[in-house]
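Per-entry structural report
Chain residues, written in single-letter form:
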Amino acid sequence: MAPVQMDEGLDIPVIYGYHTGMNRQNTKPVKVTMMWPPEMIQQMKRLAQAHTRSWNGEVMVALREYIERHNGGEEHPKTA
């Protein structure tokens, strides 16, 4: 990280904040209807509450982690 030279001669490192929510393209969410086993619904509700997330947020995190795991750690795999 390169420091930024200020008028007073102070060297201040530049820190860029970034989170996954900033990585969104201008796309509208797609509504999906799914059938879930009742026990899985209860487990996901418990996880969402434990992580202080909404149901939808917990499902999105779980799916994102699943996708990254199967893409070798990449959220968007390279295509040949």
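Residues numbered from 1 in each chain as written. Predicted model: local features only at pLDDT ≥ 70, side-chain atom pairs only at ≥ 80, totals over all residues. Heavy atoms only, no water.

**With respect to the packing of aromatic side chains**
Per the stated rule, a full pass over the model turns up 1 aromatic pair. Aromatic pair W36 and W55: ring centres 5.2 Å apart, planes at 65 degrees, arrangement edge-to-face. Linking W36 in the loop between β2 (11-13) and α1 (38-50) with W55 in helix α2 (residues 55-70), this pair joins segments that are 19 residues apart in sequence. Overall, W55 belongs to the partly exposed group, its relative accessible area being 32%. (Phe/Tyr/Trp six-rings, centres within 6.5 Å; stacked < 30°, edge-to-face > 60°. Helix = DSSP H or I, 4+ residues; strand = E, 2+ residues; numbered from the N terminus. Buried < 20%, exposed > 50% of the residue type's maximum accessible area, 1.4 Å probe, protein only.)

**A word on the packing of α1 against α2**
Close contact between α1 and α2 brings their axes to 9 Å; oriented N to C, the two are set at 100 degrees. Our classification of the angle between α1 and α2 gives roughly perpendicular. Across from I41, M44, K45, L47 and A48 in α1, the residues of α2 making contact are W55, E58, V59 and A62. Its residues assigned to classes, the contact of α1 with α2 comprises 7 nonpolar, no polar and 2 charged. (Axes fitted to C-alpha atoms, helices over the stretch in contact; angles between N-to-C directions. Parallel < 35°, antiparallel > 145°, perpendicular 65-115°, else oblique. Contact = heavy atoms within 4.5 Å. Nonpolar A, V, L, I, M, F, W, Y, C, P; charged D, E, K, R; others polar.)

**Quick look at α1**
Spanning 13 residues, α1 covers 19 Å between terminal C-alpha atoms, matching the ideal 18 Å at 1.5 Å per step. Taken from the residues just after α1, T52 is the one with a positive phi, measuring 50 degrees. (Expected span 1.5 Å × (residues − 1).)

**Focus on a nonpolar patch on the surface**
Taken together, V30, V32 and M34 make up a surface patch of nonpolar side chains, about 340 Å² in accessible area. Note on placement: V30 falls in the loop between β2 and α1. Relative accessible area serves as the criterion here: at 72%, V30 is assigned to the exposed category. (Patch = residues over 30% accessible without salt bridge, like charges linked within 9 Å, V, L, I, M, F, W, Y side chains within 5 Å. Areas by Shrake-Rupley, 256 points an atom, 1.4 Å probe, with all protein chains shown as cover. Salt bridge = Lys/Arg side-chain N within 4 Å of Asp/Glu carboxyl O.)

**Comments concerning the confidence of the model for the chain**
Mean pLDDT for the chain: 76, with 57% of residues reaching 70 or above. Summarising per-element confidence for the chain, the mean pLDDT is lowest in strand β1 (residues 3-5) (47) and highest in α1 (94). (pLDDT = per-residue confidence, 0-100.)

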